[in-house]
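For reference, the chains in residue letters:
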Amino acid sequence: MNSNLSTLRDYLRVVFRHKAVIITTFITVIISVFVGLELMTPVYEAQVKILVSAQKQIDSPYYRGFGAYEQSEASLTQSEIVISNPVIERAVRALNLHERPPDYEKNYCSSLKAYLIDLRLKMSKLKSDIVSSENESLSYSDLNDNRQIRILHTKGELANPSGNIHEQPYAFRKAVERLKRNIIAEPIRGTLLFTIHATDFNPQSAAMIANVVSRSYIIFDLEQQLAELQLKYGEKQPIVVQLRENIEKLTQNLTGATLPDIEAIGPASVKIIEQALVPLRSTSDKKKISIVLAFFMSIFLGIMFAFGLEYIDHTFKSPRDVETFLNLPLLGAIPKKWFRNKSLLRNTKKATVLNSSYHDLSDQIYLLMKDKKLKALLITAVSHLEGSTTIVANIGLSLAREGHKVLVIDANLKSPEIHEMFKIPNKSGLTHVLEGKIALEEAIKEIDCNLSVLTAGNTTLNPTLLFDSTRMANTIKEAKGKYGFVFVDYANLRNSHDADILSSSLDGTVLVVNESKTKHPVIKALIAPLVQKKANIIGAILNNRTFVIPRILYKRL
């Protein structure tokens, strides 16, 4: 990227040049965000606030130790108890969460997520059927413990490590694990308070789960006290009987419904000071904001990619690049022709951008050659892909139609193209002249009264041997004597030796660089031998120039 970027037009040129990257980035980010939001099922969150008083109805070493805890440590300990198995399992049983269908989420999610859920369930069922078919001929006694556990999972049972099979179905354990993931207990810093957050796809269910888990936690706390009192006083002690009645009463209230505050507080050492209410908004009610942020971020990211690509792109992208990196005057720029890029100008009088560009280029070369008294120019490029042959042919055609006598010579002996453009035979040409087989006049083909072409011809000899001979210099000298302008096309700067020989035989050299294809370091390295031998490089032509900024916007900047 050019380090001299300073105007708004320069920055806009980068943006419009890489508009495909920006648009692709924009579409990719927007689609990704939209799909991601579609895959996010709205979740509602309800919370219960609990006070840890740590005052038990029995004085025991266990509870005395707890009273010595720091406030934050006490809340943290109790918040961990909330997500313990005894508390969570009681809540699962009370709400029958293990009886929820596997596709419960489909009632609340998007059609795309519903499709993926159906697909996942089908794959799971297929896998289960395969496992069942593999083992239907085997009995449990023939399997090792690991294999037995696998089959029990498939059939809805679970084996513990000790070998005893619990009556709990697999669905129940899955429900317990799922509820643990949906419950968060957070201590409130600097207090004996902590909150229990419960999430669910249904707002009413979220509030019910939060309330049931908090009450299940209260029951668990009472059960710990009951166990201590029974050990100390026995089962008939009034306090023990009262605790047992309180536990039974709280167990009956494990419905999730909101209770009167006095009943909700309960007799335990931990107090529910704020019950969960049905949440009014889901935690994912920010889709519009997410889309808006994605819109701006995608544009920003696309522009960053565009400037990143511009920075690592070392090709010529503007006329100023040619003058800056080559330190040569720009003779002209030829706009990119999207169709039939190698065609000749048919009607030079027609007012088109292409005709106007060639007209300006021809005038510039004419004035320069007249001013410096030059008659023969070598027009060269890195390779024939740069389009130098088309430029040479159209310059000769443009000058000839203005009354100047022009000769175009094709020195691309290995890959000639001039004869194809003018649709003339290549049976005899420059090679035959240099080999002394025919005279120059016999090899030249007249296109019209002012334009003549010397095709490359064909040979089995090394082109370097032909160029590095007195006949080449004599041929150029003879051509200069008969024509007002001689243009030699040699599109192979990679063969620096041949380019050096040709440039020394001609009055000057013109470089052709291709926008967005010719790289700065490549062309500079290839012309270094010519510069070292003081070749007369009079300027450069920028081919396939594109005008990326819309004309309406360009004129206003």
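Residues numbered from 1 in each chain as written. Predicted model: local features only at pLDDT ≥ 70, side-chain atom pairs only at ≥ 80, totals over all residues. Heavy atoms only, no water.

**Notes on the overall build of the chain**
Spelled out, the test is: In this text, helices come from DSSP runs of H or I with a minimum length of four residues, and strands from runs of E with a minimum of two, each type numbered from the N-terminal end. Only protein chains enter the area calculation, which uses a 1.4 Å probe; residues under 20% of their type maximum are buried, those over 50% are exposed, and those in between are partly exposed. In what follows, residue pairs with any heavy atoms lying within 4.5 Å of each other are defined as contacts. Note on areas: Shrake-Rupley with a 1.4 Å probe; residue coverage comes only from the protein chains shown.
Regarding its fold elements, the chain presents 23 helices and 14 strands. In the chain, which comprises 557 residues, the share counted as buried stands at 45%. Put simply, of all contacts in the chain between residues at least 6 apart along the chain, 78% involve residues at least 24 apart. Accessible surface, the chain: about 30100 Å² in total, of which carbon and sulfur atoms supply 56%.

**Describing unusual backbone geometry**
Negative phi characterises most residues that are not glycine, and trans characterises most peptide bonds. Positive phi is not limited to glycine here, since Asn327 has a value of about 55°. Positive phi outside glycine occurs at Lys534, with the angle close to 60°. Considering the arrangement of structural elements, one finds Lys534 in the loop between helix H22 (520–532) and strand S14 (537–545). Lys534 gets classed as exposed once you look at its relative accessible area, which sits at 75%.

**What to know about the sheet that holds strand S4 (residues 183–187)**
Our working rule: Paired strands are those between which DSSP finds at least two bridges. Between N-to-C directions, angles cover 0 to 180 degrees, with each direction set by a line fitted to C-alpha atoms, over the stretch in contact for helices.
Strand order in this open sheet of four strands is S4-S5-S1-S6, and the pairing throughout is antiparallel. In this open sheet, the two edge strands, each paired with only one partner strand, are S4 and strand S6 (270–274). The mean inter-strand angle of the sheet, taken between neighbouring strand axes irrespective of direction, is 30°. Of the pairings in the sheet, the one linking strand S1 (residues 44–52) to S6 comprises four bridges and is antiparallel in character. Pairing of Val52 across the sheet is with Val270, part of S6.

**Some details on the packing of aromatic side chains**
Stated precisely, the cut-off is as follows: A pair of Phe, Tyr and Trp rings is counted when the ring centres sit within 6.5 Å of each other, with Trp represented by its six-membered ring. The angle between the planes then sorts it: under 30 degrees is stacked, over 60 is edge-to-face, the rest tilted. For a lysine, the NZ atom is tested; for an arginine, the CZ atom; a charge sits over a ring if that atom is within 6 Å of the ring centre and within 35 degrees of the ring normal.
This structure, assessed with the given rule, holds ten aromatic pairs. Geometrically, the ring pair formed by Phe26 and Phe295 is edge-to-face, given 5.4 Å between the ring centres and 85° between the ring planes. Of this pair, Phe26 sits in helix H2 (residues 19–38) while Phe295 sits in helix H12 (residues 287–312), placing them 269 residues apart in sequence. When its relative accessible area of 25% is taken as the criterion, Phe26 is described as partly exposed. Members of the aromatic cluster, each reached through a chain of ring pairs, are Phe26, Phe295 and Phe296. The residue whose ring lies beneath Arg100 is Tyr104, and the NZ or CZ to ring-centre distance is 4.0 Å.

**Side note on a nonpolar patch on the surface**
Going by this rule: A patch is a set of surface residues, each over 30% in relative accessible area and not in a salt bridge, joined within 9 Å for like charges and within 5 Å for the nonpolar side chains Val, Leu, Ile, Met, Phe, Trp and Tyr. What makes a salt bridge here is a side-chain nitrogen of Lys or Arg within 4 Å of a carboxyl oxygen of Asp or Glu, nothing more.
A surface patch of nonpolar side chains, about 1100 Å² in accessible area, is lined by Ile23, Ile27, Ile31, Phe34, Val35, Leu112, Tyr115, Leu116, Leu119, Met123, Leu126 and Ile130. At the level of elements, H2 and helix H6 (111–135) are the ones that each hand at least two residues to the nonpolar patch. Mapped onto the elements, Phe34 comes out in helix H2.

**Focus: the packing of helix H5 (residues 85–95) against helix H8 (residues 170–181)**
We count it as follows: Every angle not falling under 35 degrees, over 145, or within 65 to 115 is termed oblique; those three ranges are roughly parallel, roughly antiparallel and roughly perpendicular. Crossings are sorted by hand: turned counterclockwise from the far helix by less than a right angle, the near helix makes the crossing left-handed, and turned clockwise it makes it right-handed.
The contact between H5 and H8 brings their axes to 9 Å, and the two run at 115°. Looking at the two axes, H5 sits roughly perpendicular to H8. Seen along the crossing, H5 lies across H8 with a hand that is right-handed. Residues Asn85, Ile88, Glu89, Ala91, Val92 and Arg93 of H5 form the contact with H8, whose participating residues are Phe172, Ala175, Val176, Leu179 and Lys180.

**Regarding the pairing of strand S8 (residues 376–381)**
Along a regular strand, successive side chains alternate from one face of the sheet to the other. The element S8 is largely enclosed, with a buried count of six among its six residues. The side-chain alternation of S8 yields two buried faces, one formed by Ala376, Leu378 and Thr380 and the other by Leu377, Ile379 and Ala381. Alignment of S8 against strand S12 (residues 485–490), held across five bridges, turns out to be parallel. Across the sheet, the residue bridging to Thr380 is Tyr490, located in S12.

**Some details on helix H15 (residues 388–400)**
Quick reminder of the rule: What a helix is expected to span follows from its residue count: subtract one and scale by 1.5 Å.
Between its first and last C-alpha, H15 extends 18 Å over 13 residues, near the 18 Å set by a 1.5 Å rise per residue. With 13 of 13 residues buried, H15 is to be regarded as a mostly interior element.

**Notes on the pattern of salt bridges**
Within the structure shown, the criterion is met by 14 salt bridges. Across the salt bridge formed by Lys482 and Glu478, the nearest N and O atoms sit 3.3 Å from each other. Here the residue Lys482 and the residue Glu478 both occupy positions in helix H20 (residues 470–482), the gap between them amounting to four residues, near one helical turn. For the salt bridge of Asp500 with Lys533, the shortest nitrogen-to-oxygen distance reads 2.9 Å. Residue Asp500 is found in helix H21 (residues 496–505), and its partner Lys533 is found in the loop between H22 and S14; the two are separated by 33 residues along the sequence.

**Some details on the pairing of S14**
Of all nine residues in S14, eight are buried, a share of seventy percent or more. Where strand S7 (residues 330–335) and S14 come together, four bridges link them in parallel fashion. Pairing of Leu330 across the sheet is with Ala540, part of S14. Bridge analysis of strand S13 (residues 508–514) against S14 gives six bridges, and the strand direction is parallel.

**Examining a positive patch on the surface**
What counts here: In summary, the charge assignment counts Lys and Arg as positive and Asp and Glu as negative, without counting His or the chain termini. Just so you know, the charge point we use is NZ for Lys, CZ for Arg, CG for Asp and CD for Glu.
A contiguous patch of positive charge on the surface is contributed by Arg120, Lys174, Arg178 and Arg181. Top contributing element to the positive patch by residue count: H8, with three residues. Note that Arg178 resides in helix H8. You can call Arg178 partly exposed: its relative accessible area is 40%.

**Remarks on the confidence of the model for the chain**
Stated formally: pLDDT expresses, on a scale from 0 to 100, how confident the predictor is about each individual residue.
With 86% of its residues at a pLDDT of 70 or more, the chain has an overall mean of 85. Element-level pLDDT for the chain is lowest in strand S2 (residues 158–159), with a mean of 40, against a maximum mean of 97 in strand S9 (residues 406–410). The low-confidence segment residues 57–69, where pLDDT is below 50, has 23 contacts with residues more than four positions distant or belonging to other chains.

**Quick word on the sheet that holds strand S11 (residues 451–454)**
Judged by pairing direction, the sheet is mixed, and its eight strands sit side by side in the order S7-S14-S13-S8-S12-S9-S11-S10 without closing on themselves. With partners counted over all chains shown, the strands left at the sheet margins are S7 and strand S10 (445–446), one partner each. Direction of pairing for S9 relative to S12: parallel, over a ladder of five bridges. Opposite Val406, over in S12, you have Phe485 as the bridge partner. Against the sheet, helix H14 (residues 353–371) makes contact with S7, S8, S12 and S14, and its axis sits at roughly 165° relative to S7, the strand it touches most.

**Notes on the environment of Ser32**
Stated precisely, the cut-off is as follows: Think of a polar contact as two N or O atoms within 3.5 Å of one another; within protein, one of them needs to be a possible hydrogen donor and the other a possible acceptor, and neighboring residues in sequence only count if both atoms come from side chains.
Locating Ser32 in the fold gives a position in helix H2. Since its relative accessible area comes to 46%, Ser32 is described here as partly exposed. When the C-alpha atoms of Ser32 and Ala294 are compared, they prove to be 9.4 Å apart, with 262 residues separating the residues in sequence. At a separation of 2.6 Å, a polar atom in the side chain of Ser32 contacts the main-chain carbonyl oxygen of Thr28.

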